[in-house]
Amino acid sequence: MLTDYIEKFSNQTFDIDVEGIEALGRIITVATKTAIEKPNIIFTGVGKTSYVAGYAAALISSVTNLRCFYLDTTEIAHGSAGAIQERDIVIFISNSGKTAEILRALEIVRTKGATTASITKNDSNPLAKGVDYPIVASYPEEGGPWNLAPRLSINAQNTVIELLSIYLQISMGFTKEEYQKNHQAGSIGAALSAELTK
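This text gives an overview of the structure that appears in the document. (Residues numbered from 1 in each chain as written. Predicted model: local features only at pLDDT ≥ 70, side-chain atom pairs only at ≥ 80, totals over all residues. Heavy atoms only, no water.)

**Considering a nonpolar patch on the surface**
Stated precisely, the cut-off is as follows: Two distance rules govern patches: like charges are joined within 9 Å, and nonpolar side chains (Val, Leu, Ile, Met, Phe, Trp, Tyr) within 5 Å, applied only to residues with over 30% relative accessible area and no salt bridge. Only the protein chains shown count as covering a residue, and every accessible area follows the Shrake-Rupley method with a 1.4 Å probe. Salt bridge, as used here, is a side-chain nitrogen of Lys or Arg placed within 4 Å of a carboxyl oxygen of Asp or Glu. The way it works is that DSSP assigns letters per residue, a run of H or I at least four long becomes a helix, a run of E at least two long becomes a strand, and they are numbered from the N terminus. Summary of the burial criterion: residues with accessible area below 20% of their type's maximum are buried, those above 50% are exposed, and those between are partly exposed, where the area comes from a 1.4 Å probe applied to protein chains only.
Together, Val18, Leu163, Ile166 and Ile170 line one region of the surface with nonpolar side chains, adding up to about 360 Å² of accessible area. Counting residues per element, the nonpolar patch draws most heavily on helix H7 (residues 152-171), at three residues. Among the structural elements, Leu163 can be located in helix H7. Given a relative accessible area of 34%, Leu163 falls into the partly exposed group.

Next up, the structure:
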């Protein structure tokens, strides 16, 4: 039953906007290294992409020491926009780039003067057209019986996040010693401690 789906997933091909990732990475790096007041890097999404946003904030903060946070998209219109400052960078994650809640949140964030970026499946949607730094993460199809539930789109979005985390880890000059301070538990913490105490 699953053989056809395994082949689809194993042969997945993403079209990832590497130049867009690098452009956003440069903006984050420069803002963090030169600004007197360091920016918060805020990730937001609706539905399944909210989990991608949460993962992004957790991963990137752990390997860069940047101040990364997840903010629920729907809460932005209900007072949580108060956490967003002009110096901040807000990254919207949405497959279609047309979801009403995320477009409303973008309007609000723009009034705060924050820098904006997006991760969407193409650059022709309202979200991508409305942000400062659009990033495209396209994929051939979602996979699954109806080709509707988010599957491969999530993988494509995660690929963007992972590449952005690598760019920032390198550009920020993040060291293993710093990572060990952040990640002291589990097998990663044990491996780092063993290596750094030789």
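**Concerning the layout of surface pockets**
Over the atoms, a rolled probe matching the size of one water molecule traces out where space is still vacant. What counts here: Cavities and pockets were defined on a 1 Å grid built over protein atoms only: a cavity is a set of grid points that admits a 1.4 Å probe from which the probe cannot escape, a pocket is an open set flanked by protein on both sides within 12 Å along at least five of seven lines, and lining residues are those with an atom within 4 Å of any such point. Grid points are joined across faces, edges and corners, and a volume is the space filled by probe spheres set on the points. Classification convention: Asp, Glu, Lys, Arg as charged; Ala, Val, Leu, Ile, Met, Phe, Trp, Tyr, Cys, Pro as nonpolar; all other residues, Gly among them, as polar.
Empty space within the largest pocket amounts to approximately 200 Å³. Along the wall of the largest pocket there are 16 residues; nearest its centre are Val46, Thr49, Asn95, Ser96 and Thr99. Counting residues per element, the ones that place at least two in the lining of the largest pocket are helix H3 (48-64) and H7. Residue composition of the lining of the largest pocket, by class: six nonpolar, eight polar and two charged.

**Details of the packing of aromatic side chains**
To keep things clear, this is the line we draw: Pairing of aromatic rings covers Phe, Tyr and Trp, the last counted by its six-membered ring, and requires centre-to-centre distances within 6.5 Å; plane angles under 30 degrees mean stacked, over 60 mean edge-to-face, and any other angle means tilted.
For the structure shown, the criterion picks out one aromatic pair. Each ring, one from Phe174 and one from Tyr179, has its centre 6.3 Å from the other, and the planes form 65°; the classification is edge-to-face. Across this residue pair, the class does not change: Phe174 and Tyr179 are buried.

**Description of the side chain of Thr49**
The cut-off we apply is this: As used in this structure description, the phrase polar contact means that two N or O atoms lie within 3.5 Å; if the pair is within protein, one of them must be able to donate a hydrogen and the other to accept it, and residues adjacent in sequence are counted only when both atoms belong to side chains.
By the element assignment, Thr49 lies in helix H3. Within the structure, Thr49 has its side chain in polar contact with the backbone oxygen of Val46 (distance 2.8 Å).

**A closer look at the pairing of strand S5 (residues 115-120)**
Just so we agree on the cut-off: Two strands pair if DSSP finds at least two bridges between them. When the strands point away from the viewer and the connection leading from the first strand across the helix to the second strand turns clockwise, the crossover is called right-handed.
Within S5, five of the six residues are buried, which leaves the element mostly enclosed by the surrounding structure. Both strand S4 (residues 89-93) and S5 contribute to a ladder of five bridges, which runs parallel. Across the sheet, Phe92 pairs through a bridge with Ser118, a residue of S5. For the crossover that starts at S4, traverses helix H5 (residues 100-112) and ends in the parallel S5, the hand is right-handed. Judged from the four bridges that link them, S5 and strand S6 (residues 133-138) form a sheet pairing that is parallel. Bridge pairing links Ala117 to Tyr133 in S6.

**Quick notes on the packing of H3 against H7**
Operational definition: Lines are fitted to the C-alpha atoms to define the axes, a helix being fitted only along its stretch in contact, and any angle between axes, read from their N-to-C directions, falls within 0 to 180 degrees. For classification purposes, angles smaller than 35 degrees are called roughly parallel, those larger than 145 roughly antiparallel, those between 65 and 115 roughly perpendicular, and all remaining angles oblique. By convention, the crossing between two helices is left-handed when the near helix turns anticlockwise from the far helix through less than a right angle, and right-handed when the turn is clockwise. The contact rule is simple, with two residues in contact once any of their heavy atoms fall within 4.5 Å.
Two elements in contact, H3 and H7, have axes whose closest approach is 10 Å; the angle formed by their N-to-C orientations is 15°. Our classification of the angle between H3 and H7 gives roughly parallel. Between H3 and H7 the crossing geometry is right-handed. Together, Lys48, Thr49, Val52, Tyr55, Ala56, Leu59, Ile60, Val63 and Thr64 of H3 and Ile154, Gln157, Asn158, Ile161, Glu162, Leu164, Ser165, Leu168 and Gln169 of H7 make up the contact between the two elements. Partitioning the contact of H3 with H7 into residue classes produces ten nonpolar, six polar and two charged.

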